[in-house]
Amino acid sequence: MDNPLASCFADSAHYLSARVVFNRRIADRTFRIRLDCASIAAAARPGQFAMLRLADRTDPLLARPLAFYDTFRSADDVQPHGPAGERRYADFVYLVHGKFTSALQHVAAGGEVVVWGPLGNGFSGVPDSAHLLLVAGGIGQTALLALGRERLDRSMSGDAAVARRVTLCWGARTAAMFGGLDDFRAAGIEVHLATLDGSLGRRGTVIDLLDALPAPAAVPGETHVACCGPEAMMAAVSRWAAGRRLGCHVSLEAPMACGIGICFTCVARVRDTDAANDTNGETWDYRRTCIEGPVFEAGRIVWEA
Ligand SMILES: Cc1cc2nc3c(=O)[nH]c(=O)nc-3n(C[C@H](O)[C@H](O)[C@H](O)COP(=O)(O)OP(=O)(O)OC[C@H]3O[C@@H](n4cnc5c(N)ncnc54)[C@H](O)[C@@H]3O)c2cc1C
Ligand code: FES
């Protein structure tokens, strides 16, 4: 069954050429870029994303999705974030990966980037909980900072705080990949790290880190999990949460071409009792993650991994 609200996320998107305020390296192959894009920044909510394209090039032709990392009223980051509707600058954090991000790292302050957004449902479906457990793998932390801050002080929406505690468990290959840890700490988020090579935090995966959390960190009915990262990692976190009867939402990072529901590049298999597709007695349908996601209840995803 189609979600009747899905297309409204794309309908409210803005399209513009945005000036780059800065574009600086914050960790190994990881950059933070700030764009002057008032109509987009003012409307962005935690977990939503924008599509970005290089302004002066046709290669790559297709835009790439990046999650909103943070939004600001002032270009110099000194002023507080301010009410959501008054924000003018949007920050994105990206890993230099392929064609687009390799070129983006060389766009200097004063340059232009074509951007449309905000897109997607964001984390609006994540229920209030006393403890929000954020779980990131690789570059997946970018979608989670704004959610954690919103749940602690509601600075993006102006409402009262809804979480007593927000914890980030972040796993990466090695210590050099972590950028922006102070952003999470400054927002009041408790940070735990894992590296595969043991160079920082616990040696192992983010699942090893979750298993080692102090006892009250994962209490059914009190703790909710929000997760973003590579698919295999999100599948593992989803199983970890289900095994402890914790609610869990995941933000999928499916490759996208249009970001507005037209091309079907971004589909994911989502459980649906009304759907015709049947695999081993489970019914599912393809969902466009750009307009019906990228955030889904973890238990609804038919994981490939
Ligand atoms: C909603 C959303 C939010 C995102 N937010 C961020 C973010 O904040 N920061 C960030 O660095 N990245 C983010 N991504 C991922 C980013 O859009 C992709 O990595 C993008 O392809 C990078 O473009 P590129 O041209 O540099 O690499 P590409 O040339 O597009 O990709 C290089 C290689 O990776 C493969 N690939 C591309 N996308 C994916 C994927 N999602 N999963 C697995 N393999 C893939 C391609 O097939 C290709 O082989 C997000 C993705 C989504 C859907
Ligand atoms: S990216 Fe085109 S339909 Fe989702």
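Given the structure is predicted, the values throughout are model-derived calculations rather than measurements. (Residues numbered from 1 in each chain as written. Chains lettered and ligands numbered in written order. Predicted model: local features only at pLDDT ≥ 70, side-chain atom pairs only at ≥ 80, totals over all residues.)

### Side note on the site of ligand 1
This is how it is decided: Contact assignment follows one rule, namely that a residue is near a molecule or strand if its backbone-placed C-beta atom lies within 6 Å of it. Only DSSP runs of H or I covering at least 4 residues are called helices, and only runs of E covering at least 2 are called strands; the numbering of each starts at the N terminus. Gly is put with the polar residues, along with every residue not named as nonpolar or charged; the nonpolar set is Ala, Val, Leu, Ile, Met, Phe, Trp, Tyr, Cys and Pro, and the charged set is Asp, Glu, Lys and Arg. Domain limits in this description derive from either an automatic procedure or a database domain assignment.
Taken together, 22 residues lie near ligand 1, and Tyr94, Gly98, Phe100, Thr101 and Thr142 sit nearest. Of all the secondary structure elements, the ones that give two or more residues to the shell around ligand 1 are β4 (64-67), β6 (89-95) and α3 (99-104). Looking at the shell around ligand 1, its residues break down into 15 nonpolar, four polar and three charged. Of the domains in this structure, domain 1 (6-119) and domain 2 (131-259 + 270-300) are the two that each give at least three residues to the shell around ligand 1.

### Quick word on the domain arrangement of the chain
When cut into domains, the chain gives domain 1 (6-119) and domain 2 (131-259 + 270-300). Ranked by the residues each element gives to the side of domain 1 that touches domain 2, the list is headed by helix α1 (residues 6-11), at four residues. In terms of residue class, the side of domain 1 that touches domain 2 is built from 20 nonpolar, four polar and three charged.

### Observations regarding the sheet that holds strand β12 (residues 223-228)
Inclusion rule: Should DSSP find at least two bridges between two strands, the strands are regarded as paired. By definition, residues are in contact whenever their C-beta atoms, placed on the basis of the backbone, come within 7 Å of each other. Here an angle of 0 to 180 degrees is reported between the N-to-C directions of two axes, which are lines fitted to C-alpha atoms, with helices fitted over the stretch in contact.
Taken together, seven strands build an open sheet; the order of strands is β11-β10-β9-β8-β12-β13-β17 and the sheet is mixed. Only two strands of the sheet have a single partner each, and these edge strands are β11 (202-203) and β17 (295-297). Note that strand β10 (residues 190-195) and β11 share two bridges and pair parallel. Across the sheet, the residue bridging to alanine 194 is arginine 202, located in β11. Of the strands in this sheet, β8 (131-137), β12 and β13 (247-251) are in contact with helix α7 (residues 231-243), which crosses β13 at around 170°.

### So, α7
Note the threshold: Given the number of residues in a helix, its expected span is that number minus one, multiplied by 1.5 Å. Three classes are used. A residue is buried when 20 or more other C-beta atoms lie within 10 Å of its own, exposed when 12 or fewer do, and partly exposed in between, with C-beta atoms placed from the backbone.
The end-to-end C-alpha distance of α7 is 18 Å, a good match for the 18 Å that 13 residues give at a rise of 1.5 Å each. Turning to α7, its buried residues number three or more, namely Met233, Met234, Ala236, Val237, Ser238, Trp240 and Ala241. Immediately downstream of α7, the backbone of arginine 245 shows phi near 55°, a positive value.

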